[in-house]
Amino acid sequence: MKEIKKCNKNPIITKSDVPFIVNSIFNPGAVKFNDRYLLVCRVEMPDGRSSFVTAESDNGYDFKVADKLCLTPEDHKECYEYVEWGIEDPRITPVDDTFYLTYTGYSKYEPLVILAETKDFEKFKIHGIISEPSNKDCAVFPEQINGYYWKVDRPTAGNRNDIWLSKSPDMIHWGEYKCIMEPSKGTWETQKIGNSSPPIKTKDGWLMLYHGVRGFGSSIIYKIGVVLLDLNKPWIIKGRTKVPIIFPEYDYERIGDVGNVTFSNGWIAEQDGEVKIYYSGADSNICVATTNINYLLSMCK
Ligand code: BMA
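Our subject in this report is the structure included herewith. These numbers were taken from a predicted model, which means no experiment stands behind them. Numbers given to residues run from 1 along each chain, matching the order in which its sequence is written. The predicted origin of the model limits local features to residues at a pLDDT of at least 70 and limits the giving and counting of side-chain atom pairs to 80 or more, whereas totals for whole chains, interfaces and linings rest on all residues. As a rule here, side-chain values cover all heavy atoms of the structure and leave hydrogens and water aside.

### Overview of the sheet that holds strand β1 (residues 5–6)
And step 1. Any two strands with at least two DSSP bridges between them are considered paired. Comment: elements are numbered from the N terminus, with helices defined as DSSP H or I runs of at least four residues and strands as E runs of at least two. Taken together, the 4 strands give an open sheet; going across it, the order is β1-β22-β21-β20, and neighbouring strands pair in antiparallel fashion. The open sheet has two edge strands, β1 and β20 (262–269), and neither has a second partner.
And step 2. In terms of strand pairing, β20 meets strand β21 (residues 274–281) through 6 bridges, oriented antiparallel. Residue F263 lies in a different strand from β21, and its bridge partner there is S280.

Structure (structure tokens):
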């Protein structure tokens, strides 16, 4: 059984790989598309607002970043005032032949969740807002369960930051909200948690990465854990890591725009059980770590 192996070429993408001027590139969603690896990366533009650009690779490690943005706040004609300060942190879920993107729209109204779909990562159909503020870290399940679509997200209410589940007949109208996971007090995730990747189906349940945050004095540390949800009743937590699986260790994870952050919103599972976790160090680059499904399941026991 393999543990987590951070790639020795990390960071695999930095802002010098982007063919136009950006402040930073980080927090990509990840999928296999036409047998290639495709990332939808967040780029913070020189004015401080974020948009998305794709990056593609044959092997999952060496990426070429596209020479123009694929999605910008200005593309959101019907809901521009809610994304005026940027779009951030896309999670990508393939459902049949369509890719659904859930991401943060940021504005004076605080963060909220936007849903879009695409078949080719060139043309996007923007469905619009699927949460009230303040909410982020949303991921959709890759198939229907009991005849419904399901999503997790992370509303912030007062000082609560828990992961909630909801269901929908059509991906647009959501209801039956339920809090399924709260921060484990006194540990690495004591302050807040949020989803980090679309759930992957395994024989034992839905595997999902999540992040946990702990504050120390004036600084905070973001680490990544893993949780297992029941296949048919996804509101039941079957197991959850006691210790984080990815955490800041190296300079590229400790030093950057926001120090001491390892943050993920995308991973890719291979046929043989290997998993590539794409994550960012210090909100400033893109890294990859490899592991496998059996190790992740063992961490949830
Ligand atoms: C979260 C999100 C992420 C970011 C992380 C660490 O709230 O905004 O985009 O990577 O904070 O700064």
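Having seen it, we continue.
### Notes on the pattern of salt bridges
And step 1. What counts as a salt bridge is simple: a side-chain nitrogen of Lys or Arg found within 4 Å of a carboxyl oxygen of Asp or Glu. This structure, assessed with the given rule, holds 23 salt bridges.
And step 2. Among the ionic pairs, K151 bridges to D153, the shortest N-O distance being 3.0 Å.
And step 3. Overall, D153 belongs to the buried group, its relative accessible area being 3%.
And step 4. A cluster of three or more residues bridged by salt bridges with shared partners is formed by K32, E270, E274 and K276. Remark: exposure states derive from per-residue accessible area (1.4 Å probe, protein chains only) relative to the maximum for the residue type, with buried under 20%, exposed over 50%, and partly exposed in between.

### Details of unusual backbone geometry
Peptide bonds are trans in most cases, and residues, glycine excluded, mostly fall at negative phi.
And step 1. For the bond from N10 to P11, the omega torsion is -5°, close enough to zero to count as cis.
And step 2. Its location among the elements puts P11 in the loop between β1 and β2 (24–33).
And step 3. Between P133 and S134 the backbone carries a cis peptide bond, its omega angle lying at -5°.
And step 4. Of note, the phi angle at D89 is positive, near 55°, even though the residue is not glycine.
And step 5. Of note, D89 is situated in strand β6 (residues 86–95).
And step 6. Taking relative accessible area as the criterion, D89 reaches 6% and is therefore assigned buried.
And step 7. A positive phi angle, near 55°, is found at A282, a position not held by glycine.
And step 8. Counting through the fold element by element, A282 comes out in the loop between β21 and β22 (287–292).

### Re the site of the ligand
And step 1. Taken together, the residues surrounding the ligand are N27, R42, D89, K136, Y222, V258, V261, F263 and D283.
And step 2. Take D283: an N or O atom from its side chain is 2.6 Å from an oxygen atom of the ligand.
And step 3. In short, Shrake-Rupley with a 1.4 Å probe defines the accessible areas, and a residue's cover is counted only from the protein chains shown. Within the complex, 86% of the 310 Å² of free accessible area of the ligand lies under protein.
And step 4. Only Asp, Glu, Lys and Arg are considered charged in this grouping, and only Ala, Val, Leu, Ile, Met, Phe, Trp, Tyr, Cys and Pro are considered nonpolar; every other residue, Gly among them, is considered polar. The class makeup of the residues in the shell around the ligand is 4 nonpolar, 1 polar and 4 charged. Put simply, a residue is near a molecule or strand once any heavy atom of it comes within 4 Å of that molecule or strand. Any N or O atom pair separated by 3.5 Å or less is treated as a polar contact, with the protein-specific requirement of one donor-capable and one acceptor-capable atom, and with residues adjacent in sequence counted only for side-chain atom pairs.

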